[in-house]
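Chain residues, written in single-letter form:
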Amino acid sequence: MENIKTDLLVDAKGFACPMPIVRTKKAMNELQPGKVMEVQATDKGSTADIQAWAKSTGHQYLGTVEEGNVLKHYLRKASEKAGEEKKHPHVVSNEELQAKLKESKNIVVLDVREVAEFAFNHIPGAKSIPLGELEERLYELNPETEVYVVCRTGTRSDLAAQKLVERGFKQVLNVVPGMSEWPEKTAKANN
């Protein structure tokens, strides 16, 4: 692929979610409408994260180029009117999810982190569908069931929760702060 002309380069290499998005948001504020940004990241989940973030803010996701272990994401800043980040309005704490797990069996805990993250620690009984696979795997979920969406910090799960609601899911809750501060025992993929 030819060299793509960009107006701003954001280095997010070596950082895990949510830092590539945090750095992208900050840099986007400095960019003029219509200008193009390149975000370099090594977190495999950053592709789905940046696509979903761009959609939720109205900025244009142009594409991603993979060079070795570096993902180069390209975004165009929307007009000044766009850029207000939408947030999923229904949020619960880790403690509220813990209480719900003890009282009800008719819920789904949906973990939208990458497969490797899920493999090493997850909430027992959680279903793993990485954010980047959510669209094509929606059939695995019942839109009438209460869904608690979890990721590492609540950023990726917020984007997933918005996507589920857009697809007709009725009871979707984002769990914050998520696995980064999950106080209960976790499971591993081999457990």
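Refer to the structure above for everything that follows.
Residues numbered from 1 in each chain as written. Predicted model: local features only at pLDDT ≥ 70, side-chain atom pairs only at ≥ 80, totals over all residues. Heavy atoms only, no water.

## Examining the sheet that holds strand 4 (residues 70–76)
Then, number 1: With mixed pairing, 4 strands are arranged side by side in an open sheet as 1-2-4-3. Edge positions in the open sheet fall to strand 1 (8–12) and strand 3 (60–67), since each of these has one partner strand only. Neighbour-to-neighbour, the strand axes of this sheet turn through a mean angle of 20°, independent of strand direction.
Then, number 2: Here 7 bridges tie strand 3 to strand 4, and the two strands are oriented antiparallel to one another. Bridging from a neighbouring strand, Q60 pairs with R76 of strand 4.
Then, number 3: Lying on the sheet, helix 1 (residues 19–30) is in contact with strand 1, strand 2 (36–41) and strand 4; it crosses strand 1 at an angle near 155°.
Then, number 4: Relative to strand 4, helix 2 (residues 46–57) is tilted by about 5°, and along the sheet it contacts strand 2, strand 3 and strand 4. (Pairing = 2+ DSSP bridges. Helix = DSSP H or I, 4+ residues; strand = E, 2+ residues; numbered from the N terminus. Axes fitted to C-alpha atoms, helices over the stretch in contact; angles between N-to-C directions. Contact = heavy atoms within 4.5 Å.)

## Points about the environment of G125
Then, number 1: Relative to the elements of secondary structure, G125 occurs in the loop between helix 4 (115–120) and strand 7 (127–128).
Then, number 2: Taking C-alpha positions, G125 is 33 Å from T64, a pair spaced 61 residues apart along the chain.

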